[in-house]
Amino acid sequence: MLRRSTSLDSCRRHELPASPPAVSVLASKSESSDKRDMYTDAMRVFEEAADLVHLDRRIRLELEEPDYEHIFWISARLQDRLVPIEGVEADTYADLPASDIQDKGSIEPLYDGKLILHAGALRSGSVYTREGVIRLRERGVFRIVRGQEERFKAYRIQHNKVRGPYKGGIRYHQDVSLDLFKVLAAEMTWKTAVVGVPLGGAKGGIKIDPRLYSRQELEAITLRYMYKLKNLIGPDFDIPAPDVGTNTETMAWLYRQYSDGERSPHHLRGVVTGKDVRIGGSEGRLRATGQGLVYCVEEWFEQKGRSLAGARYMLQGFGNVGTSVAELLHAKGAVLVAVDDADGTIYAPEGLDVEALVRYVHRTPSNLKRSVSGFPGGEAISKHDFWDVDVDVCIPAALGRAIDASTAERLRASLVVEGANHPTTPEADLVLANRGIELIPDIVANAGGVTVSYYEWIQNKRMEHWTEGDVNARLEQAIKSNYRLILDIAANRSRKTATYDSSLFVAGKTLPVRLAAMVLALRRIEAHYSLEGFSQ
Ligand code: GLU
């Protein structure tokens, strides 16, 4: 379904020229209007940069709202589950003999304590049930709940394709919304422009907590998602990739469903990026977002004449981005002193053992939450105290809006590097600036992922396989040279060599670095509209 503008959308649209609302107005907004304004908030930097570069009004209108907003529903049949029973109710089954389900693979534990019962599980051992209840040795008492059908809300927002095919990840998360996907899709347009890859911006996904579903259910849901998405995307039109809650396995399912029954499926391999290297993924893609971030951090330290070895940092999020950042910074001698994730916060003033932490989070089968919580090599602290930890660098690499004005007031870092998308609220931006805390903004700090996605897409098109060394050399060049351009724009500094020219982008005055990054993106996007014109 193609969703056209609604009255709500038109309320959100700015009258031009837009000037950023005063902070006091923002602070007095109710929670619900905060939610409604997420998109407007996120577009504020765009509006400011558009004013600054005197962006043509027509181009501005093209970029202010996405090209297409697809919202659709998908359904799937779920598997049977064992739901834990506790307390008095469980006591009434005290005399129920314990059952032994022998085939371990026939039961799959979920994050919420429920167990998935794979087909035939109840026939695989000595099983006793009463009134639909079963007792499992060492696991407890459970009610057997038959699999039901469930419907999920799905999205794909295509923001802009003037520079190349729509490009952006697929997010599986319980808190997604149209506004959030609009923000993230626009962000992809800025990101691809900032790193200079010929792609546009898109984002999509499903409103689902993937931790509450079995692998088999997630496969079925993903296949159904692609079944409905198939005529909206394509390797030369819109190219999904992993994001929060999805991974190489999700990409393999998406690719299979897209290419199923096609005559030349290998020509379609580039329909998704972030694939496993054994099926056409790129070397270096898995760590690319973290690697790009680390290249930015290296450049920042180099420009300051400071040493990264021994620098102390804190990390929010220990998923794909957080984990690669920790591993790569560990190799550079930086010291990780605190990690916060959705389920816990750990702290070690002398530094956490990164290798042990990665093993604990990602390779311990009993750690179903994949959380740093309970890590024996660190002290558990509260989420509140996390923001008071004394560090050189703070790296939010989880979800949006992690640093608000009050956390920004307490931060004891000299640099914030945005691994996540939009982790800093506009109010927090002002606080950080006032406190002299520097920032490496998301559209360059986490653009390594989409950059290597572009390399993967080229390799698929050419039927080539590049080495990790080749990929990283290109990535380093793309990230560092564009980050230098951003720093030059911010400092209003024109520098020119045979391969580098920041005079094309500077705005005639110094700018906050976030605004400078947006200026770079807009100048590159603007060139397409002004040189190619508008198709009718
Ligand atoms: N989800 C990643 C991002 O937000 C990667 C997108 C891509 O590779 O297309 O940048």
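Since this is a predicted model, take the numbers as computed values, not measurements.

Caption draft 1: Geometry of the nonpolar core. Among the nonpolar cores identified, the biggest contains 122 residues, and Trp190 and Ile395 are the most heavily contacted of them. Considering each element in turn, this core owes the most residues, eleven residues, to helix α20 (residues 513-532). Among residues more than four places away in sequence, those in contact with Trp190 are Met43, Phe46, Leu63, His159, Ile443, Met518, Ala521, Leu522 and Ile525. Leu78, Ile208, Tyr255 and Tyr258 belong to the second-largest nonpolar core, a separate cluster that totals 27 residues.

Caption draft 2: Expanded view of the site of the ligand. Among the 14 residues in the neighbourhood of the ligand, the closest are listed as Lys167, Lys191, Pro242, Asp243 and Ser453. In this structure, an oxygen atom belonging to the ligand sits 2.7 Å away from a side-chain N or O atom of Lys167. Between the ligand and the protein, one listed contact pairs an oxygen atom with a side-chain N or O atom of Lys191 at 2.7 Å. Taken by itself the ligand offers 300 Å² of open surface, and the protein chains cover 95% of this. Of all elements in the fold, only β11 (166-173), α8 (178-194), β13 (238-242) and α18 (448-462) reach the threshold of two or more residues within the shell around the ligand. Partitioning the shell around the ligand into residue classes produces four nonpolar, five polar and five charged.

Caption draft 3: Fine view of the environment of Ser494. Tracing the backbone shows Ser494 in the loop between α19 (468-491) and α20. We classify Ser494 as partly exposed; its relative accessible area is 48%.

Caption draft 4: Geometry of the pairing of β11. For β11, the tally of buried residues reaches eight of eight residues, placing the bulk of the element in the interior. Where β11 and β13 come together, five bridges link them in parallel fashion. Each bridged residue has a counterpart across the sheet, and for Gly168 the counterpart in β13 is Pro240. Pairing of β11 with strand β12 (residues 201-207) involves four bridges; the strand directions are parallel. Directly across from His173, in β12, lies its bridge partner Lys207. Once you follow β11 into α8 and on to β12, the crossover reads as right-handed.

Caption draft 5: Looking closely at the packing of aromatic side chains. Per the stated rule, a full pass over the model turns up twelve aromatic pairs. Here Tyr529 and Phe534 contribute two aromatic rings whose centre-to-centre distance is 5.2 Å and whose plane-to-plane angle is 25°, an arrangement assigned as stacked. Overall, the relative accessible area of 8% leaves Tyr529 in the buried class. The exposure class of Phe534 is partly exposed, given its relative accessible area of 25%. When the ring centre of Tyr111 is taken as origin, the NZ or CZ atom of Arg211, which lies over that ring, is 3.6 Å away. When the ring centre of Tyr258 is taken as reference, the NZ or CZ atom of Lys230 above it lies at 5.4 Å.

Caption draft 6: How the structure looks around unusual backbone geometry. The phi angle at Arg370 is positive, at roughly 50°, despite the residue not being glycine. Looking at the element boundaries, Arg370 is found in the loop between α13 (354-362) and β17 (379-380).

Caption draft 7: Broad picture of the sheet that holds β13. Read from one edge to the other, the open sheet built from five strands follows the order β1-β10-β12-β11-β13, with strand pairing classed as mixed. For this open sheet the edge positions go to β1 (68-77) and β13, each flanked by a neighbour on one side alone. Across the sheet, the mean angle from the axis of one strand to that of its neighbour is 25°, orientation sign disregarded. Set on the sheet, helix α9 (residues 215-229) makes contact with β1, β10 (149-160), β11 and β12; between it and β1 the angle comes to about 140°.

Caption draft 8: Quick peek at the sheet that holds β17. Across the sheet, seven strands lie side by side as β17-β16-β15-β14-β18-β19-β20; this open sheet has mixed pairing. Here the strands that pair on one side only, and so sit at the sheet edges, are β17 and β20 (438-440). Where strand β15 (residues 335-341) and strand β16 (residues 344-347) come together, four bridges link them in antiparallel fashion. Looking across to β16, one finds that Ala338 is bridged to Tyr347. Packed on one face of the sheet, helix α11 (residues 288-304) meets β18 (393-396), β19 (415-417) and β20 and runs near 145° to β20.

Caption draft 9: Summary view of the environment of Leu223. Take Leu223: it is sitting in helix α9. In this structure the C-alpha to C-alpha distance between Leu223 and Tyr111, which are 112 residues apart in sequence, comes to 22 Å. Sequence-distant contacts of Leu223, that is, excluding residues within four places in its chain, are made with Trp253, Arg256 and Gln257.

Rules used in this analysis
- Residues numbered from 1 in each chain as written.
- Predicted model: local features only at pLDDT ≥ 70, side-chain atom pairs only at ≥ 80, totals over all residues.
- Heavy atoms only, no water.
- Core = buried A, V, L, I, M, F, W, Y, C linked by side-chain atoms within 4.5 Å.
- Buried < 20%, exposed > 50% of the residue type's maximum accessible area, 1.4 Å probe, protein only.
- Helix = DSSP H or I, 4+ residues; strand = E, 2+ residues; numbered from the N terminus.
- Contact = heavy atoms within 4.5 Å.
- Near = heavy atom within 4 Å.
- Polar contact = N/O pair within 3.5 Å; in protein donor to acceptor, adjacent residues only side chain to side chain.
- Areas by Shrake-Rupley, 256 points an atom, 1.4 Å probe, with all protein chains shown as cover.
- Nonpolar A, V, L, I, M, F, W, Y, C, P; charged D, E, K, R; others polar.
- Pairing = 2+ DSSP bridges.
- Right-handed = clockwise from strand over helix to strand, strands pointing away.
- Phe/Tyr/Trp six-rings, centres within 6.5 Å; stacked < 30°, edge-to-face > 60°.
- Lys NZ or Arg CZ within 6 Å of the ring centre and 35° of its normal.
- Axes fitted to C-alpha atoms, helices over the stretch in contact; angles between N-to-C directions.

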